[in-house]
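# Understanding the architecture of this molecule
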Amino acid sequence: MPSVINVKNCRSFLARTVSYFLFKGCSKSLGVLLDGAVQFTDSNVTMVSWSFMTLQGVAFFVGAGFGSLLLMHTVGIADVFGEKYGTVLSISTVIATVGSICMPLMLDHWLQAYGLSAATALLGALTWNSIPCGLASMESERGDVPDTVNNDNIGSDTSNRESTAPTARRNLFLAHPVLVFEILMRLLNFIIISSWSLYLVSIGVSKGYSPSTAVFLSSAGGAGLVLGKVLSVVVFYFEWMHNFPLLMSLAIGQVPVIMVYSLTDNFVYLLVASFITGTITSFYSAWVNVQINYIVCSKHFRSAMAWSNLVAGIGVISAGVISGLVHDIRGSFEDVFIFLSMLAVLQGCCSIPSILWVTTPSDC
């Protein structure tokens, strides 16, 4: 870790925190708009869910908007903080995830006060704050270029994520086969967390609660997301990221908790289930993202992160279609959550080789 963290070095940290705050807040807030959008467009849940998730997923899939910002900032944090990358990235995510608590409540207030169109416009205007985050990244990139280069030190800095020498590279997935399981976990995690976030308010309404009451399920889930990121900070700080009993207990525990949504109408139980589900899914999201730094060599790091973002985008886009079809075919939001519990089982299975089959990455 650098001995001095100057203002330029902190730009990636601050810009990533703000941009991820907006992304997480928007993702959780879309569920507040779902029922109103279905009625307003006279459409079905599948189409509206797909359109909502496409807005979020394309950002990752094509490397635009939030996706490109998060990729640049994540790599920037790895460059600057070196061995402390996991801890620092988790701290950034903890702060940013607060948006998943407050933004759904704020959007619900706008919806009640100004109506669907104005609330959607205000949410869109809020996301324009991501523009300064992108500008900060550009300034940081220009400002960090040294005026002179000491040839004796080329290749000696282990924090550099890419080698400047034109060397032949092995195929990313052949060199690091465990990355396949990491990417599958990220795909499943984004499908679960995106669908879960989108339908929290709707399942509350389907159980007889008003939208203004059901929105607290979304905020409880947001509080769980924050706790999950805090847990990831602790895990990476104490280097427990390969602790098999801890990680598997969380993976197994996620399944019955998600099933609670289909087993009870008690609002307190639903709040608790939202909080615990948010904690576990959030932790796995942070763990999978940071884990890439520990299983991929420096030459393949940027390529691995790009693949990770690509798959995350696919997960977000497909979440709306898949979960929407489950709802429209089966006829209830409870069936959607049963389906998500099945995906949680698959995610747990993928985590087994990711935990056990890990070696210290060396340059290819």
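Residues numbered from 1 in each chain as written. Predicted model: local features only at pLDDT ≥ 70, side-chain atom pairs only at ≥ 80, totals over all residues. Heavy atoms only, no water.

## Regarding the overall build of the protein chain
Heads up, the rule is: A run of H or I in DSSP becomes a helix once it reaches four residues, and a run of E becomes a strand once it reaches two; helices and strands are each numbered from the N terminus. In this description, contact between two residues means that some pair of their heavy atoms is separated by no more than 4.5 Å. Methods summary: accessible areas were calculated by the Shrake-Rupley approach with a probe of 1.4 Å, and residue burial reflects only the protein chains presented.
Within the protein chain, the secondary structure is distributed over 14 helices and zero strands. From first element to last, N terminus to C terminus, the protein chain shows the α and β order α-α-α-α-α-α-α-α-α-α-α-α-α-α. Considering only intrachain contacts with a sequence separation of at least 6, the fraction spanning at least 24 residues in the protein chain is 85%. Accessible area for the protein chain stands at about 15,700 Å²; split by element, carbon and sulfur atoms hold 66% of it.

## A short note on the packing of aromatic side chains
The geometry of an aromatic ring pair is captured by the separation of the ring centres together with the interplanar angle, meaning the angle of the planes. Definition in use: When the centres of two rings from Phe, Tyr and Trp lie within 6.5 Å, Trp using its six-membered ring, the rings pair. Their planes under 30 degrees apart give stacked, over 60 give edge-to-face, and anything left gives tilted. Each residue gets one of three labels from its accessible area relative to the maximum for its type: buried under 20%, exposed over 50%, partly exposed in between, using a 1.4 Å probe on protein chains only.
If you walk through the whole model with that rule in mind, you get seven aromatic pairs. Measuring from ring centre to ring centre gives 5.3 Å for Phe-173 and Trp-307, while their planes differ by 80°; the resulting arrangement is edge-to-face. Linking Phe-173 in helix H8 (residues 172-175) with Trp-307 in helix H13 (residues 301-330), this pair joins segments that are 134 residues apart in sequence. Given the relative accessible area of 24%, Phe-173 is considered partly exposed. On the accessibility criterion, Trp-307 (40% relative accessible area) is partly exposed. Note on Tyr-209 and Phe-267: the rings are 4.8 Å apart at their centroids and 50° apart in plane angle, and the pair reads as tilted. Here Tyr-209 is found in the loop between helix H9 (178-206) and helix H10 (211-237), whereas its partner Phe-267 is found in helix H12 (residues 267-295), with 58 residues between them in sequence. What makes Phe-267 buried here is its relative accessible area of 16%. Here the aromatic residues Phe-283, Tyr-284 and Trp-287 are joined through ring pairs into a cluster of three or more.

## Here we look at the state of the cysteines
Which entries qualify depends on this criterion: Working definition: a disulfide is two cysteine sulfur atoms within 2.5 Å of each other.
Inspection of every chain in the model, using the stated rule, returns zero disulfides. This cysteine, Cys-349, is not joined by any disulfide, and Cys-350 carries the nearest cysteine sulfur, 7.0 Å off.

## Quick notes on the packing of H9 against H12
Rules: Axis geometry follows a simple rule: fit a line to the C-alpha atoms, using only the stretch in contact for helices, then measure angles between N-to-C directions, giving values from 0 to 180 degrees. Oblique is the label for any angle not covered by the other classes, which are roughly parallel (under 35 degrees), roughly antiparallel (over 145) and roughly perpendicular (65 to 115). The hand of a helix crossing depends on one turn: near helix anticlockwise from the far one by less than a right angle means left-handed, and clockwise means right-handed.
H12 packs onto H9 with a crossing angle of 150° between their chain directions and a minimal axis gap of 10 Å. It follows that H9 is roughly antiparallel to H12 by the angle criterion. With respect to the hand of their crossing, H9 and H12 are arranged in left-handed fashion.

## A look at the confidence of the model for the protein chain
Counted only if it meets this: As a per-residue measure, pLDDT tells how confident the predictor is, with possible values from 0 to 100.
Per-residue confidence for the protein chain gives a mean pLDDT of 74; residues scoring 70 or more make up 65%. Low pLDDT, under 50, characterises residues 1-5; the predicted model gives this stretch eight contacts beyond four residues in sequence or across chains.

## Thoughts on the pattern of salt bridges
Let me state the cut-off plainly: Salt bridge, as used here: a side-chain nitrogen of Lys or Arg that lies within 4 Å of a carboxyl oxygen of Asp or Glu.
In total, this model carries three salt bridges according to the counting rule given. Between Asp-265 and Lys-207 there is a salt bridge; the shortest N-O distance is 3.0 Å. Placement of Asp-265 in the loop between helix H11 (244-263) and H12 and of Lys-207 in the loop between H9 and H10 is noted, with a sequence separation of 58 residues between them. With relative accessibility at 46%, the residue Asp-265 sits in the partly exposed group. Note on Lys-207: relative accessible area 13%, which makes it buried. Here Arg-330 ties to Asp-335 by a salt bridge, and the two come within 3.9 Å at their closest N and O atoms. Residue classification places Asp-335 among the buried residues on the basis of a relative accessible area of 17%. The structure contains a network of salt bridges with shared partners spanning Lys-207, Asp-265 and Glu-334.

## Focus: the side chain of His-176
What counts here: Pairs of N or O atoms within 3.5 Å make up the polar contacts considered here, provided that, within protein, one atom can donate a hydrogen while the other can accept it, and that residues adjacent in sequence are counted only when both atoms are side-chain atoms.
With respect to the helices and strands, the residue His-176 is situated in the loop between H8 and H9. A polar contact of 3.3 Å, which involves the side chain of His-176, links it to the backbone oxygen of Ile-295.

## Notes on the nonpolar core
For the record, the criterion: What is meant by a nonpolar core is a set of buried Ala, Val, Leu, Ile, Met, Phe, Trp, Tyr and Cys residues, joined one to another through side-chain atoms within 4.5 Å.
Core analysis: the largest hydrophobic core is formed by 46 residues, its most contacted members being Trp-196, Tyr-261, Tyr-284, Trp-287 and Phe-337. Counting residues per element, this core draws most heavily on H9, at 10 residues.

## Things to note about H13
For clarity, the cut-off: What a helix should span is 1.5 Å times the count of its residues minus one. The bend at a residue is defined as the angle formed between two axes, one fitted to the seven residues ending at that residue and one fitted to the seven starting there.
In this model H13 runs 42 Å from its N-terminal to its C-terminal C-alpha over 30 residues, within 8% of the 44 Å that 1.5 Å per residue would give. Along H13, the helix axis deviates most sharply at Ser-318, where the bend reaches about 35°. Note on H13: the residue one or two positions beyond its end, Gly-331, has a positive phi of about 95°.

## Focus on H10
With 27 residues, H10 extends 39 Å between its outermost C-alpha atoms, agreeing within 8% with the 39 Å of an ideal straight helix rising 1.5 Å per residue. Looking one or two residues past H10, Glu-239 carries a phi angle of roughly 60°, positive in sign.

## Remarks on the packing of H9 against H13
Packing of H9 against H13 leaves a shortest axis separation of 8 Å and a crossing angle of 40°. Compared by their axis directions, H9 and H13 come out oblique. In this structure, the crossing between H9 and H13 has a hand that is right-handed.

## Some thoughts on a nonpolar patch on the surface
To be explicit about the condition: Each patch is assembled from residues with relative accessible area greater than 30% and no salt bridge, linking like charges that lie within 9 Å and nonpolar side chains (Val, Leu, Ile, Met, Phe, Trp, Tyr) that lie within 5 Å.
Side chains of Leu-227, Val-230, Val-234, Tyr-237, Phe-238, Trp-240, Val-268, Tyr-269, Val-272, Phe-275 and Ile-276 sit close together on the surface and give an oily, nonpolar patch of about 990 Å² of accessible area. Looking at the nonpolar patch, the elements with two or more residues in it are H10 and H12. Among the elements that make up the nonpolar patch, the one with the highest residue count is H12 (five residues). Note that Trp-240 resides in the loop between H10 and H11. On the basis of relative accessible area, Trp-240 is assigned to the partly exposed category, the value being 39%.

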